[in-house]
Amino acid sequence: MRLWLIAVLLAAVFGVAAARAEQTYVPAGITAGSILAKARSARGELAPGTYRRVTRTSGNGTVSQTEAYESGGDYVATERSGDFTTAYGSYRGDDWFENANGTVTVESGFHQREDPYAATLRAVDKTSDPIAVLGKTTVDPICYVLQLTPRHGLVQRRYYDASTYLLRRVETTDYDGQTVVYRYDDFRTVRGLAFPQAIAYSDGHSENDEQTRVIAFEAVPKSSAHFTIPATRPVFDLHGRASVRIPAEFTPHGIIVRVTIAGRGLDFELDSGASSTVIDSAVARQLGLTLYGARKGTFGGDFTTAQTRVSDLALGDLHASNLAIEAIPYDETVGDRKVVGLLGGDFFASGRIAVDFKNETVSMLAASKEAPPKPWMALPIEIDDLVPRVHAKFAGNDGAFIVDLGADETLLFPHYFAKFHPDKIGDVQGEVVGVAERPVEYREYRFSRFDLGDLAFADAQAIVTSGKTWESRDYDGLLGRNILSDFNITFDYPNRRLYVESMVTP
């Protein structure tokens, strides 16, 4: 048996282990707290005012340029790369992101709020902190090295220049065993702030290597910057209609949606676990689409991803024009259907998306701030990656999970499953295969209780994979259709709400 799970987290960065030469250290003779205090002092603080910063990033044959403005706590940055423009910023404490289709997400900020490394640095003066001074390197530039181990499976090494105390290098290895490296060089001090003019990124894949250079940094009049959150642009427009039925077929292995691109009918899977709409790379080439900025992604194995644009994508009589989508190797057979894409975050962000498992229908509803009447229950969701993250409990253990219509089964990531101590190791049931088509064995477990909001159920089933192939620090797992099909669900990304109606007796 082969279990197909699709959960594409394209907004997240996962890399493969970067090669690292064995370091030789000599005793440092200084505490972690002293190193961090000196680093803060060396970095300084930018004088009050409004500033413009321009950076240029190159790698894998592409060049992007980012223009950023900052003033106090507000900032806005616009990145242009080829035909694709994205933006992000913060206004009066609210962080936001605008993707290449103009879809604007107001973010909860959980990536920063729950960052275990940042929490460790903030609490460095506590004797129980998981932070250690490994010593001082013996080759130029000589650096003090701090190692942070906030949780089992998480490691970060931070290299501080022994002469200046400025941060020169950061190596982060997450639960999945992958290492991402940032190198900082050519420090200059402007208006009281010392910062690097050159930043190098690597994650073990040469096609992902990037070099970023600051090409301008200057004080500007505050009137030259606009920090307010831009209005979102839904990629699909109802044109005043209250609702539109989406052509969809409910199957045991996914909800299949018929789309039309360049006059060709294609089968996509409805996938709330995908942060963007996705098309198979080979099909994209057959349609004459130009692929841009190919790089390696890693989740359930390695795969190549690139960007492309579709002049028109139709869902029945709904149309999305000039749609930016991702191209990856993706080809799945569902019954006698060849599925060659995923309908993801941009679609879900266009309005309210109602998935009725009872009547097997999918509809797009007009945007509204009004909650559906009881017995619908409202749950807050976080959509920082343009996928819905909701809190739920298995056997009383709280976790943050992706509500993933593209997953056949509910999947618990190993770091979350480590909270449990089952009496019996689950039997191997088969293999999980993601977009990378790398099979990984999984075991099945049953939990005495599952809580979602105010609803509680007995005898919930979930699977756990072997190894670290399916892991993420920002999520504890995926809620798949084996659980979700017990509900009618309305996704409301604009209001960051998930409305659920149970079809079973708790």
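The structure presented is a predicted model; accordingly, all values stated were derived computationally and were not measured. (Residues numbered from 1 in each chain as written. Predicted model: local features only at pLDDT ≥ 70, side-chain atom pairs only at ≥ 80, totals over all residues. Heavy atoms only, no water.)

This paragraph deals with the side chain of Arg481. Here Arg481 shows up in helix H7 (residues 481-484). Since its relative accessible area comes to 7%, Arg481 is described here as buried. Among the polar contacts listed, one links the side chain of Arg481 to the backbone oxygen of Leu405, at a separation of 2.9 Å. Not counting residues up to four positions away in its chain, the partners in contact with Arg481 are Pro252, His253, Gly254, Glu269, Phe357, Asp404, Leu405, Gly406, Ala407 and Asp408. (Helix = DSSP H or I, 4+ residues; strand = E, 2+ residues; numbered from the N terminus. Buried < 20%, exposed > 50% of the residue type's maximum accessible area, 1.4 Å probe, protein only. Polar contact = N/O pair within 3.5 Å; in protein donor to acceptor, adjacent residues only side chain to side chain. Contact = heavy atoms within 4.5 Å.)

Attention now goes to the sheet that holds strand E36 (residues 487-492). If you trace the 6 strands from one edge of the open sheet to the other, you get E16-E27-E26-E36-E37-E28, paired in antiparallel fashion. Pairing within the sheet leaves two strands with one partner each, and these edge strands are strand E16 (243-246) and strand E28 (377-380). The mean inter-strand angle of the sheet, taken between neighbouring strand axes irrespective of direction, is 20°. Where E16 and strand E27 (residues 361-365) come together, 4 bridges link them in antiparallel fashion. Paired with Ile246 across the two strands is Val362, which belongs to E27. (Pairing = 2+ DSSP bridges. Axes fitted to C-alpha atoms, helices over the stretch in contact; angles between N-to-C directions.)

So, on to the confidence of the model for the protein. Summing up the model confidence of the protein, the mean pLDDT is 90 and the portion of residues at 70 or higher is 92%. This stretch, residues 1-21, has a pLDDT under 50; its non-local contacts, to residues over four places away or in other chains, come to 90 contacts. (pLDDT = per-residue confidence, 0-100.)

Within the secondary structure, Asn482 sits in helix H7. In the structure, Asn482 is positioned 104 residues away from Ala378 in sequence and 20 Å away in space, judged by C-alpha atoms. When residues no more than four places from it in sequence are discounted, the contact partners of Asn482 are Asp408, Glu409, Thr410 and Gln461. There is a polar contact of 3.1 Å between the side chain of Asn482 and the backbone oxygen of Gln461.

Before going further, it helps to spend a moment on the packing of aromatic side chains. Evaluated as defined, the whole model comprises 21 aromatic pairs. Look at Phe347 and Phe348: their rings are 5.5 Å apart centre to centre, the planes differ by 75°, and that puts the pair in the edge-to-face class. Residue Phe347 shares its accessibility class with Phe348, and that shared class is buried. Relative to Tyr445, the ring of Phe417 has its centre 4.6 Å away and its plane inclined at 45°; by these criteria the two rings are tilted. Of the two residues, Phe417 is situated in helix H6 (residues 414-417) and Tyr445 in strand E33 (residues 440-452); the sequence distance between them amounts to 28 residues. Residue class for Tyr445 comes out buried when judged on its relative accessible area of 10%. Put simply, the rings of Phe394, Phe401, Tyr416, Phe417, Phe420, Tyr445, Phe447 and Phe450 touch in pairs and so form one group of aromatic residues. Sitting over the ring of Tyr165, Lys38 keeps its end group 5.5 Å from the ring centre. Just above the ring of Tyr159 sits the side chain of Arg169; from NZ or CZ to the centre is 5.7 Å. (Phe/Tyr/Trp six-rings, centres within 6.5 Å; stacked < 30°, edge-to-face > 60°. Lys NZ or Arg CZ within 6 Å of the ring centre and 35° of its normal.)

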